[in-house]
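# Chains, contacts and geometry: an overview
The residues making up each chain are set out below.
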Protein chains: 2
Amino acid sequence: MRIAVIGGGAAGLGAAGAAKAVDPSAEVVVYTADTDVAYSPCGIPYVHGREIDSFERLFLATKEQYVNTGIDVRYETTVEAIDPKSRTLRIAGEGEASYDRLIIGAGWNYAKVDVPGADLDGIYEVKYIRAAMDWDQRLDSCKSAVIVEAGLVAMEMVAALLHRGIKVTVVDRAPWPMADVLDPDIVEPVRQAWEDADVDMQWGNWVTAFSGDGSVSRVETEQGAIDTDIVIIGTHKVPNNPLAAAAGLQLGTTGALVVDSRMQTSDPNIYAAGDCTEIPHGVTNIPIQGLTGSHAYSQGKTAGTNAAGGTRHYRPVFVPWGLLAGEWMIGGVSFGETLATALGIEHVVGKAQGITRARYYPGVRPITVKLLAEPGSLRLIGAQMVGGEGIKERADFLAMAVRVGLTIDELATMENVYSPAIGALNEPVSVAAQNLLAGL
Amino acid sequence: MRIAVIGGGAAGLGAAGAAKAVDPSAEVVVYTADTDVAYSPCGIPYVHGREIDSFERLFLATKEQYVNTGIDVRYETTVEAIDPKSRTLRIAGEGEASYDRLIIGAGWNYAKVDVPGADLDGIYEVKYIRAAMDWDQRLDSCKSAVIVEAGLVAMEMVAALLHRGIKVTVVDRAPWPMADVLDPDIVEPVRQAWEDADVDMQWGNWVTAFSGDGSVSRVETEQGAIDTDIVIIGTHKVPNNPLAAAAGLQLGTTGALVVDSRMQTSDPNIYAAGDCTEIPHGVTNIPIQGLTGSHAYSQGKTAGTNAAGGTRHYRPVFVPWGLLAGEWMIGGVSFGETLATALGIEHVVGKAQGITRARYYPGVRPITVKLLAEPGSLRLIGAQMVGGEGIKERADFLAMAVRVGLTIDELATMENVYSPAIGALNEPVSVAAQNLLAGL
């Protein structure tokens, strides 16, 4: 059996590895337009910020290691078309290649900032490692940067640029950072830290053009022009699906591929995984897109397993997420108040401000937890958090709590570890639940 | 209504505050033999270790603050007897005091090391803050210390003594640290760190006498004598219940007070909370004793609420716990393999070694998670962990998972946050569950 994989990211490589595990005799070929696979693109902002000392450290495996596992990775190779009827791919400069099963892990692109000058040099999309290496050198001589939209990567890049001593301007249509996902009270410590670091935050503003002589030197906006050495695109992710669309595969409301629980697309020989797919949200059943690397990897394993003849199902998602923005970790599960309200989902809210260790223990940090519950049943349906540590672990917990239908009463009476160096007497998740009950 | 409280720890003060909240007109009197209340005894080892710079920082509230809340705290006041029939207490040097409701939060003592010389000077029980201040000065001139039994406080005190440059010897009947609770593979990194720091570990040995001229200078053991400047008692907690026993209150198999879910003792006017009570273990229903400060506080609130005429129930416990032992956090939920085996509880096990952040991110630490499940149903029944960070939050999560009957399949398919600075691609809890399933 010949299994072709489009994309060398977490989805594609997860799929390739799982397919090979199910059917070691399968010929597994991964096509990637990138120069490399098996590196962590999520680490790029932290190399720019000098938290990590070298791009080399982001590589997880060498090309040789993939050869040894029997996965045939074709680098810098672009798939130009998929023909589901004949089960062939058209490869740029090479002609046709057949497949028995195809797995699409084509990933995402930044939403286009479709204004004049968008093709100028000096406009940086943080994504590929070789490009990042070049950009990193360029940052050495940068004095100023404009970030267009304070999306997820932008949250990390602001901190990175500040560490490099670069003056930062943020231009965003929305009224606060990551406004499509985050509640304003949760992101407030980050916004305050940006203000303290003299980040010029232009909320409710948008780019009308980029200008400059070959390389961008000026960003024109609805509210005036900004001189800058560099522009960083921080827009939200959109699925990279022109190939799939041209092949007639069914796309959903988000523009991403519709898949079933086996990650099978509308064509029975084609599977998909990662940011090019949409997955039902566990609470609302609304298909959503643009999840995390661990989702992509797990979906890839599901797609690869099924493509090779095994059986594995992927479940609706509750989307625990988190990131480090300077000194603050932010994160959440499912949705916050802003998004729940926008979706018309009734909810009641409880919030608590706590601390991560005993008040007197070195390294103690504040942490704020907000819980959303369904009125009446008081089942947990969402959460948002900001704090100095312990956000990832709580998000994982609360995602499971939403999945299994835990109620606020359960959380209000939860037991918690108290030990001065590692946890405070009162667990903020529990206090938020107690506050929710007290507020009813 | 006159509510008397015996004990000024987390249980007693939690009870006093809750009683006052339910019935602000109640007269609430707290009797404590200690010189202070509202400090964190759990912080004492870390002041000895110099992680915390002053004992003053351990105080949570001033005596004045308690006066302002209307709680009458009687310091250095010993209750000598309880007469449930007449509802009176006998107070040392003061005579009788009546109560309408009594709450006993009398706490715990270290299990006695009942050998000759046990009353010598120089034998330190880490417990009271004023005594700790004196002992802390004494540690300045100490060159050597013998810790008798590697219980919970001993785990913290070894690190503290090493930070002070004091030569440490541990004498313990058991074959590894905290052997009554911890599995040997989980505690191994701590044991290894102790070995690396030249701690003299005498497992399978026990004290036969303390000797010295007024102050202890030698510990006699079954396997020879040890010269030492100081002895630290690290034995397990036993409930402090001579008063309750003399009053005829029902004690359970652990020697602790039997209470119902309202924390009511066998006498309807007497409630109890904290380390002097025993609480059913949620998995086995066996009454257990010697929980944490957060358990004591929560039980205190339950006892105080009910004593004052409110209604609040306390649930069986799943006991998330954790601590910092030098560079390693250890912790768990319910029980580990050793204890499950000793109790005759059938179980299957899955274990995983993971990392706490992306492999390349600064501060990344190893973490090991072991899960125990009921054969057949595969419901989670216990967990043990050791790692560099994130133990407390995972223990809280897994305690809830045991409480609500989550299965290994749920944990194997859990979603997790992946973001380089705060979490790794693979969550070790999930991988441990996957490994358990793979091993069946």
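First, a word on what this report is: a plain description of the structure on this page. Predicted, not measured: the structure shown is a model, and the values here were computed from it.

## Some remarks on the overall build of chain A
Check the secondary structure of chain A and you find 12 helices and 26 strands. Projected onto the principal axes, the alpha-carbon positions of chain A cover approximately 65 × 55 × 40 Å. By the burial criterion, 59% of the 440 residues in chain A qualify as buried. Within chain A, contacts between residues separated by at least 24 positions form 62% of all contacts whose residues are at least 6 apart in sequence. As displayed, chain A offers around 16400 Å² of accessible surface, 50% of which is attributable to carbon and sulfur atoms. Within chain A, the 53 negative side-chain charges are centred at a point lying 5 Å from the centre of the 34 positive side-chain charges.

## Quick notes on the interface of chain A and chain B
At the interface, 60 residues of chain A touch 60 residues of chain B. Counting the surface lost from both chain A and chain B, the interface buries some 5200 Å², and carbon and sulfur atoms represent 58% of this. Our enumeration of links across chain A and chain B arrives at 10 salt bridges. In this structure, the salt-bridge partner of Glu-410 of chain B is Arg-403 of chain A, at a minimum N-O distance of 2.6 Å. Seen at the junction of chain A and chain B, the total is 33 residue pairs in polar contact (both at pLDDT 80 or more). Secondary-structure elements contributing two or more residues to the side of chain A that touches chain B are helix H8 (293–307), strand E22 (321–325), helix H10 (391–403) and helix H11 (408–412) of chain A.

## Describing the packing of aromatic side chains
Under the defined criterion, the tally for this structure stands at nine aromatic pairs over all chains. With a centroid separation of 4.8 Å and an interplanar angle of 80 degrees, the aromatic rings of Trp-108 of chain A and Tyr-110 of chain A are classed as edge-to-face. The residues Trp-108 of chain A and Tyr-110 of chain A share a single accessibility class, namely buried. Considering the side-chain rings of Tyr-124 of chain B and Trp-135 of chain B, the 4.6 Å spacing of their centres and the 10 degrees angle between planes classify their relative orientation as stacked. Here Tyr-124 of chain B is found in strand E9 (residues 123–124), whereas its partner Trp-135 of chain B is found in helix H4 (residues 129–139), with 11 residues between them in sequence.

## What to know about helix H5 (residues 152–163) of chain A
Residue and element names in this part refer to chain A. The terminal C-alpha atoms of H5 lie 18 Å apart, and with 12 residues this matches the ideal 16 Å at 1.5 Å per residue to within 8%. Counting buried residues in H5 gives nine out of 12 residues, a clear majority hidden from the surface. Among all positions of H5, only Val-153, Ala-154, Met-155, Glu-156, Met-157, Val-158, Ala-159, Ala-160 and Leu-161 are buried. One or two residues past the end of H5 sits Gly-165, with phi positive at roughly 75 degrees.

## Concerning the relation of the copies chain A and chain B
Mapping between the two copies of the chain is achieved by a rotation about an axis and a shift along the axis. Mapping chain A onto chain B is achieved by rotating through 180 degrees and translating by 0.0 Å along the same axis, at an RMSD of 0.1 Å. Considering both components of the superposition, the chain copies are consistent with a two-fold axis. Interface residue correspondence from chain A to chain B reaches 98%, placing this contact among same-surface, isologous pairings.

## A look at the packing of helix H1 (residues 10–22) of chain A against H8 of chain A
All names here are of chain A. Here H1 crosses H8 at 35 degrees, and the two axes come no closer than 7 Å. Considering how the two elements wind past one another, H1 and H8 form a crossing that is right-handed. Of the residues in H8, those in contact with Ala-10, Ala-11, Gly-14, Ala-15, Ala-18, Ala-19 and Val-22 of H1 are Gly-293, Ala-296, Tyr-297, Gly-300, Lys-301, Gly-304 and Thr-305.

## Some points on the sheet that holds strand E14 (residues 218–221) of chain A
The strands making up a sheet associate through backbone hydrogen bonding, with each pair oriented either parallel or antiparallel. Residues and elements named next belong to chain A. The three strands lie next to each other as E13-E14-E15, forming an open sheet whose pairing is antiparallel. With one partner strand each, in any of the chains shown, strand E13 (207–211) and strand E15 (224–227) form the two edges of the open sheet. In this sheet, neighbouring strand axes are inclined to one another by 20 degrees on average, regardless of whether the strands run parallel or antiparallel.

## Let's talk about the pairing of strand E5 (residues 88–91) of chain B
Residue and element names in this part refer to chain B. For strand E4 (residues 79–83) and E5, the ladder comprises four bridges, and the chain directions are antiparallel. Counterpart to Ile-82 in the pairing with E5 is Leu-89. Across four bridges, E5 lies against strand E6 (residues 95–98) in antiparallel orientation. Bridged to Arg-90 within E6 is Glu-96. Hairpin remark: E5 followed by E6, antiparallel, with three residues in the connecting loop; positive phi at Gly-93, about 75 degrees.

## Observations regarding H8 of chain A
Residues and elements named next belong to chain A. With 15 residues, H8 extends 20 Å between its outermost C-alpha atoms, agreeing within 8% with the 21 Å of an ideal straight helix rising 1.5 Å per residue. Extensive coverage of H8 is indicated by the burial of 12 of its 15 residues. Contacts from the buried residues of H8 go to strand E1 (2–6), H1, strand E7 (101–104), strand E19 (270–272) and strand E20 (277–280). Gly-309, located one to two residues past H8, shows a positive phi value of around 105 degrees.

## So, the nonpolar core
If you look at the biggest cluster of nonpolar residues, it comprises 206 residues, and the most contacted ones within it are Phe-210 and Leu-411 of chain A together with Phe-210 of chain B. In this structure, Phe-210 of chain B is in contact with Val-113, Val-115, Pro-116, Gly-117, Ala-118, Leu-120, Ile-123, Val-148, Val-216, Arg-218, Val-219 and Val-231 of chain B, ignoring residues within four places of it in sequence.

## Describing the pattern of salt bridges
Residues and elements named next belong to chain B. According to the stated counting rule, one finds 53 salt bridges over all chains in the structure shown. Between Arg-218 and Glu-220 there is a salt bridge whose closest N-O contact spans 3.3 Å. Measuring nitrogen to oxygen at the nearest pair gives 2.6 Å for the salt bridge that ties Asp-396 to Lys-392. Taken together, the residues span about one helical turn, with Asp-396 and Lys-392 both in helix H10 (residues 391–403) at a distance of four residues. We classify Asp-396 as buried; its relative accessible area is 2%. Judged by relative accessible area, which is 2%, Lys-392 ranks as buried.

## Here's the deal with the sheet that holds strand E22 (residues 321–325) of chain B
Residues and elements named next belong to chain B. Taken in spatial order, the five strands of this open sheet run E22-E23-E26-E25-E24, and their pairing is antiparallel. Two strands close off the open sheet at either side, each with one partner strand: E22 and strand E24 (348–355). Each strand of the sheet is rotated relative to its neighbour by a mean of 10 degrees, with strand direction disregarded. Pairing of E24 with strand E25 (residues 366–373) involves eight bridges; the strand directions are antiparallel. Residue pairing in the sheet places Ile-355 in a bridge with Pro-366 of E25. Set on the sheet, helix H5 (residues 152–163) makes contact with E22 and strand E23 (328–333); between it and E22 the angle comes to about 20 degrees.

## Digging into unusual backbone geometry
Negative phi values dominate among residues other than glycine, just as trans dominates among peptide bonds. Of note in this structure, Arg-87 of chain A is not a glycine but carries a positive phi near 50 degrees. Summarising the element assignment, Arg-87 of chain A is placed in the loop between strand E4 (79–83) and strand E5 (88–91). Even without being glycine, Asp-198 of chain B reaches a positive phi, approximately 60 degrees.

Conventions we followed
Residues numbered from 1 in each chain as written. Chains lettered and ligands numbered in written order. Predicted model: local features only at pLDDT ≥ 70, side-chain atom pairs only at ≥ 80, totals over all residues. Heavy atoms only, no water. Helix = DSSP H or I, 4+ residues; strand = E, 2+ residues; numbered from the N terminus. Buried < 20%, exposed > 50% of the residue type's maximum accessible area, 1.4 Å probe, protein only. Contact = heavy atoms within 4.5 Å. Areas by Shrake-Rupley, 256 points an atom, 1.4 Å probe, with all protein chains shown as cover. Lys, Arg positive; Asp, Glu negative; His and termini not counted. Charge placed at Lys NZ, Arg CZ, Asp CG, Glu CD. Buried area = accessible area lost by both parts, 1.4 Å probe. Salt bridge = Lys/Arg side-chain N within 4 Å of Asp/Glu carboxyl O. Polar contact = N/O pair within 3.5 Å; in protein donor to acceptor, adjacent residues only side chain to side chain. Phe/Tyr/Trp six-rings, centres within 6.5 Å; stacked < 30°, edge-to-face > 60°. Expected span 1.5 Å × (residues − 1). Least-squares fit on C-alpha atoms with pLDDT ≥ 70 in both. Axes fitted to C-alpha atoms, helices over the stretch in contact; angles between N-to-C directions. Left-handed = near helix turned anticlockwise from the far one by under 90°. Pairing = 2+ DSSP bridges. Core = buried A, V, L, I, M, F, W, Y, C linked by side-chain atoms within 4.5 Å.

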